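# Summary of the model geometry
This is what each chain is made of:
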Amino acid sequence: MVGRSRDAGALGIVFLHGWRRDHRDWSRVIELLDEELSVLTLDLPGFGDSDAPLVAIDSVGYAEAVAQVVREWREQVGLSRLIVVGHSFGGRVAIQLASVVAPELVDELLLVGVPIIRPQSRAKSPLGYRLVRALAGIGLLSNERLESARQRYGSDDYRHAVGVMREIFVKVVNEDYQEHFLMIDRPIWMLWGALDMACPVDLARRAANSSTWATLEVLDGVHHLVPLEDPESIAHMIKRVCNPSQ
């Protein structure tokens with residue numbers, strides 16, 4: 001996994017990007033932060049400059065890969081405090097890191113547009129796709145025809161994922177993170193776009209209200225890609241978390 005660091009002070013920030021994104025999403029946020037902060041940005045496996053996993057891992061597998069890099073970095077720099085910032089899929093990984101994989105590494109979390117709670121009602125796949133999948137399953141349609149149907153009916157993220165990354169996408173999109181979210185016993189800061197359609201803000205409010213550790217702030221007029229749409233608000237919140245007296 002490829003990482004890029006700025007080793008400065010004893011307070012460190014780790015940035016984890018969303019699905020089909022990479023470390024560059026955080027560039028403007030980092031520019032706005034104080035230079036005495038140590039910063040680590042990662043290209044998660046299968047994105048940016050990092051190779052894809054050899055097998056289909058889930059979000060815990062991603063968190064384990066992140067933990068190895070973060071543990072080495074924290075010891076190398078001599079960090080006394082570490083804040084993990086995760087957007088969307090990166091936030092899912094951050095939750096697993098702070099709850100079950102390596103909670104000792106994480107002092108605080110900042111989650112941005114993270115699908116913590118699965119919607120209770122999920123639309124069924126279109127009938128046409130279900131028929132094609134059933135016929136392919138019994139050998140009456142070719143894999144090429146099945147892939148054509150996937151490209152027609154699948155979500156944008158699903159259609160762009162190939163090979164093992166598609167298997168991983170199917171795994172993680174069906175995960176529910178609420179149980180592990182509730183295991184976290186340290187400050188959780190949540191920053192959401194009011195117009196986020198990928199991770200609706202009403203589900204964010206439900207998650208925040210379920211934890212005594214969580215604080216939610218909603219950004220008016222902002223959609224899902226908060227790191228690109230409103231990096232100033234992310235940087236401002238990080239500064240507040242780093243210096244709560246200010």
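Position numbers for residues start from 1 in each chain and track the written sequence from start to end. Two thresholds apply to this predicted model, a pLDDT of at least 70 for residue-level local features and 80 or more for giving and counting side-chain atom pairs, whereas whole-chain, interface and lining totals are computed over all residues. Side-chain numbers here rest on the full set of heavy atoms in the structure, without hydrogens or water.

So, about the nonpolar core. Counting residues in each nonpolar core, the largest one holds 48 residues, and the members touching the most others are Leu16, Val84, Leu109, Leu111, Ile116, Phe181 and Met190. Two residues form a contact once any of their heavy atoms are found within 4.5 Å. In this structure Leu109 touches Val84, Ala94, Ala98, Ile184, Pro187, Ile188 and Trp189, once residues within four positions along its chain are discounted. Residues grouped as a nonpolar core are buried Ala, Val, Leu, Ile, Met, Phe, Trp, Tyr and Cys residues, joined through side-chain atoms within 4.5 Å. Summary of the burial criterion: residues with accessible area below 20% of their type's maximum are buried, those above 50% are exposed, and those between are partly exposed, where the area comes from a 1.4 Å probe applied to protein chains only.

Backbone hydrogen bonds hold the strands of a sheet together, and the pairing may be parallel or antiparallel. The mixed open sheet is built from 7 strands, whose spatial order is β1-β3-β2-β4-β5-β6-β7. At either end of the open sheet lies a strand with only one pairing partner, and these are β1 (2–6) and β7 (214–219). Sheet twist, expressed as the average angle between the axes of neighbouring strands with direction ignored, equals 15°. Axis definition: a line fitted to C-alpha atoms, limited for helices to the stretch in contact. Angles are taken between N-to-C directions and run from 0 to 180 degrees. Only DSSP runs of H or I covering at least 4 residues are called helices, and only runs of E covering at least 2 are called strands; the numbering of each starts at the N terminus. In the packing of helix α3 (residues 89–101) onto the sheet, the strands contacted are β2 (11–16), β4 (81–87) and β5 (108–112), and the crossing angle to β4 comes to about 140°. In this scheme, strands are said to pair when DSSP sees at least two bridges between them.

With that out of the way, let us pick up helix α11 (residues 231–242). For α11, built from 12 residues, the straight-helix expectation of 16 Å at 1.5 Å per residue is met to within 8% by its first-to-last C-alpha distance of 16 Å. Where α11 is concerned, the buried positions are Pro231, Ser233, Ile234, Ala235, Met237, Ile238, Val241 and Cys242. One less than the residue count of a helix, multiplied by 1.5 Å, gives the span that helix is expected to have.

As for its position among the elements, Leu109 is in strand β5. Spatially, the C-alpha atom of Leu109 lies 9.4 Å from that of Ile184, the residues being 75 residues apart in sequence.

Glancing now at the packing of aromatic side chains. Note on ring pairs: Phe, Tyr and Trp rings are taken, using the six-membered ring of Trp, and paired if centres are within 6.5 Å. Classes follow the plane angle, with under 30 degrees stacked, over 60 edge-to-face and the rest tilted. Taken as a whole and assessed by the stated rule, the structure comprises 5 aromatic pairs. Where Trp19 meets Phe47, the ring centres are 4.8 Å apart and the plane angle is 75°; that geometry is what we call edge-to-face. Taken together, the positions of Trp19 in the loop between β2 and α1 (27–31) and Phe47 in the loop between β3 (38–43) and α2 (59–77) put the pair 28 residues apart, joining distant regions of the chain. Trp19 gets classed as buried once you look at its relative accessible area, which sits at 10%. Judged by relative accessible area, Phe47 falls into the buried class, the value being 7%. Ring geometry for Tyr62 and Phe89: centres 5.1 Å apart, planes at 85°, overall edge-to-face.

By salt bridge we mean one thing: a side-chain nitrogen of Lys or Arg within 4 Å of a carboxyl oxygen of Asp or Glu. Overall, the coordinates contain 10 salt bridges when judged by the stated rule. As a salt-bridge pair, Asp43 and Arg4 come within 3.4 Å of each other at their nearest N and O atoms. Taken together, the positions of Asp43 in strand β3 and Arg4 in strand β1 put the pair 39 residues apart, joining distant regions of the chain. Asp43 sits in the buried class, given a relative accessible area of 0%. One network of salt bridges, with partners in common, ties together Arg4, Asp43 and Asp49.

Turning next to α3. Counting buried positions along α3 gives 11 out of 13 residues, so the element sits mostly inside the fold. Three or more residues of α3 are buried, namely Phe89, Gly90, Gly91, Arg92, Val93, Ala94, Ile95, Gln96, Leu97, Ala98 and Ser99. Tucked inside the fold, the buried residues of α3 contact β2, α2, β4, β5, α7 (164–173) and α8 (178–183).

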